Amino acid sequence: MPFIGAGVSIDAKHRGCIANLTNTGSMCGRVYLALLEKCRTKEGPHCASCVVRKEIEGEQEKYISFDKICELWEWSWSCPGERDGGTRRRCELVRDILKIPEFANVEPADAHYYLAFLARERLIDEVITTNYDTCIEEAYCNTFGFNKVPGGDDSPAVVIRDLSEYRASGGKRFTDGKDKRRCLKVYKINGCANMLRTKCGKNNECQEYCNNILLTEKDLQDWGKRSWARDLFRDRLRSRALLFSGFGSDEPQVRHTALQVCEEFASEERNTATNRSRDFDEKEIWENPNAPFIVAYENTLSFSQTQIMRAYASYEGVSLSPEETNKNVFLGSDACFFDAGDSSGEQRLPANPFWKRLFQAAFWRLLRRACGRESAVVSFFLPVLPCAFALLNEALDWFIYRNGEECIFGRFSEMLDLAEDRGGVIPLARWVERVRTIRPEIARGLYHPLVDRSVLIPAVLLLVYLLIGNNHGKSDISWEKLRAKINADDSPLGLSIDGRFVLGDTGVRLYIAHRNVAEQLPQKVSFSGNEEVTVVIQIVVGSWRARTSRVNLVDGKGNKVRVVTVRQISILDLFGHATSVPEAIKRFHERLRTTFLLIDPGRARVRHRSRLLRSGGDDDGR
């Protein structure tokens, strides 16, 4: 279960171009400058002993944590003439200095989308966050293909900010709308900017909501009197493996509660008459279902992070050496593992590459499981392809292995990388969307999970392997060359894939299409490129009766150029009940070259129904 801190949103950009809005250091700086300006305009006999002035006018290099600088702002209300303006000053801090209502207008970073992808794969069903922004819930909603403000009964992102919402939605699993979407619960334990944005006016109407934003150390230590959040965190510490990401600053409520729960574990051990056996090694301890994980940005753990790991290790009786307490820790020194292409040499681990790699590693494991012997895709192919399991796993090996070595993030990790697409969609999701629909626009963040497309996604990857990857002369193809052979641009015919390895330069265009796309064959099409197109083959993923149609090829102005033949054939008709993988590949290629025979066997060409006459005479020499 992810516990998301400020570090995950540090790269999130404000849509109105407010720089460094969610950066904790910048937030501290804004409060510091406001306090400094206030102190410089106040002079009096009390100033010489003012704790606030001493703290902010000390050495410039002195670090002041976010909760402490906010506490100092609260103390500044005690200045003469301002003792009655506490609530007003709180609103000024929240609304004008920190600009927290604007956190609801922040674009999700890549890390938020990768986390949302994992949630769509049902690996995550709830998230705890101390962040005020709406990035997690927005990213999750975007993966369904609709860009709308999270909220309402039909929103798959369930945001829980107070006890009433916890009681109403804490057990919610699916949306209440027409389409039953699986929910992701997001617990905002420090408050939510979206509530401020919708409720706060220019006057002091938002006083109640500003007070619900936890800022100071005093707020945080007692969870802002949010016993539901404290109890929730305690329960998840006991029963789940929490992954702390972006959590580096001093969060007193988190640290203290974690230490109390670990002490609770230790007390139970001491008070139990029949303590469990200790004849297990330390490696197994860190594999417990509730063992915590921490992702650190720097090369060493912060004090708060170290306290949590040492408390858990101490309860389990593990050696407190750094080597043992860091078993479940990802440090900045691991950056080269997560981002092999980074040549900067900095030992820092940002949230974006960590969550990207976590998603990529999980995806290939899920895909392997989705291609198991009892899987849906094997059952789909098995009636016409007895060797379906073996063929799918050969294709899967091509996507995972390079030169005999397993790539934990995939041979073509770029296929699952948001940075590879200017539209904010991973290439695989764009491919699948082109196979499924004829919609010209693809929404940012759209994702098709394996759990929902357990046949379609493996089938598309199998076709990529059979048409491109099985070219033995180019088995070590790069991602750039692979991507160049797959055209995911807007087309009403499906996903265009280069089939010249199988078909040769014959003027044939090859497309992969879902039956929904095949049923909507247009009367007019236009093609990019300069090659002569005379025939289009649509490989339909699903049961489909083979047929031939005619469409008009038009130029960029809509003028008819010529008529093109479109052959539509099911993927199930291309293997011919092959019993071995080599035979299945051979029959696939042969049948793809002769699709017209599969569509209309009664009208075979002369060369297919005639016999070659021997030119050298009969066998007896006459």
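Residues numbered from 1 in each chain as written. Predicted model: local features only at pLDDT ≥ 70, side-chain atom pairs only at ≥ 80, totals over all residues. Heavy atoms only, no water.

**Q** What is the right way to look at the packing of aromatic side chains in this model?
**A** Tallying each qualifying case throughout the model produces 33 aromatic pairs. For the pair Phe 117 and Tyr 447, a centre-to-centre distance of 4.5 Å together with 20 degrees between the ring planes defines the contact as stacked. Residue Phe 117 is found in helix α5 (residues 110–120), and its partner Tyr 447 is found in the loop between α20 (427–436) and α21 (456–469); the two are separated by 330 residues along the sequence. The lysine or arginine in question, Arg 120, covers the ring of Phe 144, its NZ or CZ lying 3.8 Å from the ring centre. (Phe/Tyr/Trp six-rings, centres within 6.5 Å; stacked < 30°, edge-to-face > 60°. Helix = DSSP H or I, 4+ residues; strand = E, 2+ residues; numbered from the N terminus. Lys NZ or Arg CZ within 6 Å of the ring centre and 35° of its normal.)

**Q** Before we go on, may I ask you to explain the pattern of salt bridges in this structure?
**A** Opposite charge on two side chains allows them to pair when their charged atoms are near. For the structure on display, the rule yields 27 salt bridges. We note a salt bridge from Glu 298 to Arg 348, for which the minimum N-O separation is 3.8 Å. You can see Glu 298 sitting in the loop between β8 (293–295) and α14 (303–316) and its partner Arg 348 sitting in the loop between α16 (335–338) and α17 (351–370), a full 50 residues away along the chain. Exposure remark for Glu 298: the relative accessible area of 38% places this residue in the partly exposed category. Across the pair Arg 368 and Asp 397 runs a salt bridge whose closest N-O atoms are separated by 3.0 Å. Of the two residues, Arg 368 is situated in helix α17 and Asp 397 in helix α19 (residues 388–400); the sequence distance between them amounts to 29 residues. When its relative accessible area of 29% is taken as the criterion, Arg 368 is described as partly exposed. (Salt bridge = Lys/Arg side-chain N within 4 Å of Asp/Glu carboxyl O. Buried < 20%, exposed > 50% of the residue type's maximum accessible area, 1.4 Å probe, protein only.)

**Q** Looking at this structure, I do not really get the nonpolar core. What am I missing?
**A** Side chains of nonpolar character tend, in soluble globular proteins, to be buried together. Counting residues in each nonpolar core, the largest one holds 102 residues, and the members touching the most others are Trp 355, Phe 363, Phe 381, Leu 385, Phe 575 and Leu 592. Sort the elements by how many residues they give to this core and α21 lands first, with twelve residues. Excluding residues that lie within four positions of it along the chain, Phe 575 makes contacts with Phe 381, Val 384, Leu 385, Leu 391, Leu 462, Leu 466, Ala 584, Arg 587, Phe 588 and Arg 591. Listed in part, the 36 residues of the second largest apolar core include Val 158, Cys 183, Phe 247 and Ala 313. (Core = buried A, V, L, I, M, F, W, Y, C linked by side-chain atoms within 4.5 Å. Contact = heavy atoms within 4.5 Å.)

**Q** I'm lost on unusual backbone geometry in this one. Help?
**A** Only a minority of non-glycine residues have a phi that is not negative, and only a minority of peptide bonds are not trans. In this structure, Asn 20 takes a positive phi of about 55 degrees despite not being glycine. Checked against the element boundaries, Asn 20 lands in the loop between β2 (13–14) and α1 (24–40). Although it is not a glycine, His 577 sits at a positive phi angle of roughly 55 degrees. Here His 577 shows up in the loop between β18 (560–570) and α25 (581–593).

Read these as layout, nothing more, since geometry by itself doesn't imply function.
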